[in-house]
Amino acid sequence: MSVNKEQPVIPLFKVAMAEKARSMVGDVVASGWVGEGPVVAEFEDHLRQRLSTPHVVTVNSATSGLHLALHMTAGPGRPTQEDEPEGVGEVLTTAMTCAATNWPILANGLRVRWVDIDPTTLNIDLDDLAAKITPSTRAIVVVHWAGSPLDLDRLSTILDEAEARHGVRPTVIEDCAHALGATYAGRPLGTHGNIAVYSFQAIKHLTTGDGGAIVFPNAELTERARLLRWYGIDRRLPEATRLASDIGEYGFKFHMNDICATIGLANLTDVDTRIARHQDNAAFYDRELKGVTGLETLTTPVGGRSACWLYTVLVERRSDFETHMAGAGIATSPVHRRNDLYSVVADSRAPLPGLDSVADRMVSIPVGWWVSETDREHIVETIRKGW
């Protein structure tokens, strides 16, 4: 099918940028202070209120956030145990995600061990996870695919059982890159006892241009991360005191700057409206695509509310579906490639039947704040026509 050049394309992603961002950034540039400063602190205060926790540390990307969280809890910076198994520690994780989720595992000298996914949610398969936890498991990375929360109650039970069996409770790091605005049991992700990492990359619900935030379960980890995001130095100290102070633990250059924080503050004003629009469009698709031949919608666990950053469906003959949609001016994409196919992790390959059953069928359709009622009706009508 040829593309109708007169039909405007409904994009899959779009940058949400407040009009006032330009002038606000201009003020920061004119101030002469563009690194990490008072605006970063102000942005963090807003995030603490939004996420209902005081334990928030901003970083320059979610990838840096994942790297730092793994470094502190499972990698070179982890507290060591006397009876810790010898050899390279492993991290249980999903292959169905952006490579940015998993490469920080390798960067910390840890071994990737794949866990299958649940084909009905595209989140990690909790049965497979429970079966794969061993004394060598240092951390577990879970992804809330498309912004739909994992069953965190069941995950907590699995950790209890693993601790009773192995004497070790692996750290859980929630990749919340898709999930700003999502809740589980009525609470924001990051308030369920785990570490959570949010993304403010260009096309997310909330963008800072690029950036991220780590949510910790306690003040001790939060304060440590605040130091390690800037070489292990406390930026809050006066310069003379900083210069005279010791660095007891090496850190990184992972801090956010005031320019990015200013963009974030500007975009916070309308973020709830944008998230609500995503959720409303997703609810429309849930209703209108039910029963369409050759297409399956995903589910959200009981107790969870998705942020609906993506709307992913499973279709027969994906290539034909994408061509059909493109001909109607509708952008589609699988969004990510399963990570276990990359040669850099060839030694970690394992049977993943759940992922195998959906990898060639999953595709996302436009669901964002820019999708009007007319647009979404056009999308549904196009799908219903068949491909």
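For the structure itself, consult the block above.
The rules behind the values
Residues numbered from 1 in each chain as written. Predicted model: local features only at pLDDT ≥ 70, side-chain atom pairs only at ≥ 80, totals over all residues. Heavy atoms only, no water. Helix = DSSP H or I, 4+ residues; strand = E, 2+ residues; numbered from the N terminus. Rg over C-alpha atoms; globule rule 2.2 N^0.38 Å. Buried < 20%, exposed > 50% of the residue type's maximum accessible area, 1.4 Å probe, protein only. Contact = heavy atoms within 4.5 Å. Axes fitted to C-alpha atoms, helices over the stretch in contact; angles between N-to-C directions. Parallel < 35°, antiparallel > 145°, perpendicular 65-115°, else oblique. Left-handed = near helix turned anticlockwise from the far one by under 90°. Nonpolar A, V, L, I, M, F, W, Y, C, P; charged D, E, K, R; others polar. Salt bridge = Lys/Arg side-chain N within 4 Å of Asp/Glu carboxyl O. Disulfide = S-S within 2.5 Å. Polar contact = N/O pair within 3.5 Å; in protein donor to acceptor, adjacent residues only side chain to side chain. Pairing = 2+ DSSP bridges.

Caption draft 1: The overall build of the protein, seen in detail. Along its length, the protein carries 13 helices and 13 strands. Since a compact globule built from 387 residues should have a radius of gyration of about 21 Å, the 22 Å found for the protein is in line with a globular shape. C-alpha extents for the protein along the principal axes are approximately 70 × 55 × 40 Å. Looking at the protein as a whole, 52% of its 387 residues qualify as buried. Look at the contacts in the protein between residues 6 or more apart in sequence, and 72% of them connect residues 24 or more apart.

Caption draft 2: Quick peek at the pairing of strand β8 (residues 195-199). In terms of burial, β8 is largely enclosed, as five of its five residues are buried. Burial along β8 is two-sided: Ile195, Val197 and Ser199 and Ala196 and Tyr198, pointing in opposite directions, are all buried.

Caption draft 3: Structural detail: the packing of helix α10 (residues 271-288) against helix α13 (residues 373-384). Where α10 meets α13, the axes come as close as 11 Å, and the angle between the chain directions of the two elements is 30 degrees. Comparing the axis directions of α10 and α13 gives the class roughly parallel. You can see that α10 and α13 cross each other, and the crossing is right-handed. For the pair α10 and α13, contact is made by Arg277, Asp280, Asn281, Phe284, Tyr285 and Glu288 and by Glu373, Arg376, Glu377, Ile379, Val380 and Arg384, respectively. When its residues are assigned to classes, the contact of α10 with α13 shows four nonpolar, one polar and seven charged.

Caption draft 4: Seen up close, the pattern of salt bridges. Counted by the stated rule, this structure contains 23 salt bridges. Close ionic contact of Arg113 with Glu90 constitutes a salt bridge, the shortest N to O distance being 3.6 Å. Taken together, the positions of Arg113 in strand β3 (residues 111-115) and Glu90 in strand β2 (residues 90-94) put the pair 23 residues apart, joining distant regions of the chain. You can call Glu90 buried: its relative accessible area is 3%. Salt-bridge contacts for Arg376 lead to Asp280; the nearest nitrogen and oxygen are separated by 2.8 Å. Here Arg376 is found in helix α13, whereas its partner Asp280 is found in helix α10, with 96 residues between them in sequence.

Caption draft 5: Quick peek at the state of the cysteines. If you walk through the whole model with that rule in mind, you get zero disulfides. The thiol of Cys98 is unpaired, and the distance to the nearest cysteine sulfur, on Cys176, comes to 15 Å. Cysteine Cys260 shares no disulfide, and the gap to the nearest cysteine sulfur, in Cys98, comes to 18 Å.

Caption draft 6: Here's a closer look at the side chain of Asp234. Position of Asp234 among the secondary structure elements: in the loop between α7 (219-228) and α8 (239-244). Side-chain polar atoms of Asp234 contact the side chain of Arg236, separated by 2.9 Å. Those residues in contact with Asp234 that lie beyond four places of it in its chain are Glu223, Leu227 and Arg242.

Caption draft 7: The environment of Ala350, seen in detail. One can find Ala350 in the loop between α11 (318-327) and α12 (353-358). Spatially, the C-alpha atoms of Ala350 and Asp116 are 9.1 Å apart, while their sequence positions differ by 234 residues.

Caption draft 8: Representation of the sheet that holds β3 within the structure. Taking strand neighbours across the sheet as the criterion, the seven strands line up as β1-β9-β8-β5-β4-β2-β3 in an open arrangement whose pairing is mixed. Strand pairing shows two members of the sheet lacking a second neighbour, β1 (56-59) and β3, which therefore form its edges. On average, each strand axis in the sheet is inclined to that of its neighbour by 20 degrees, with strand direction left out of account.

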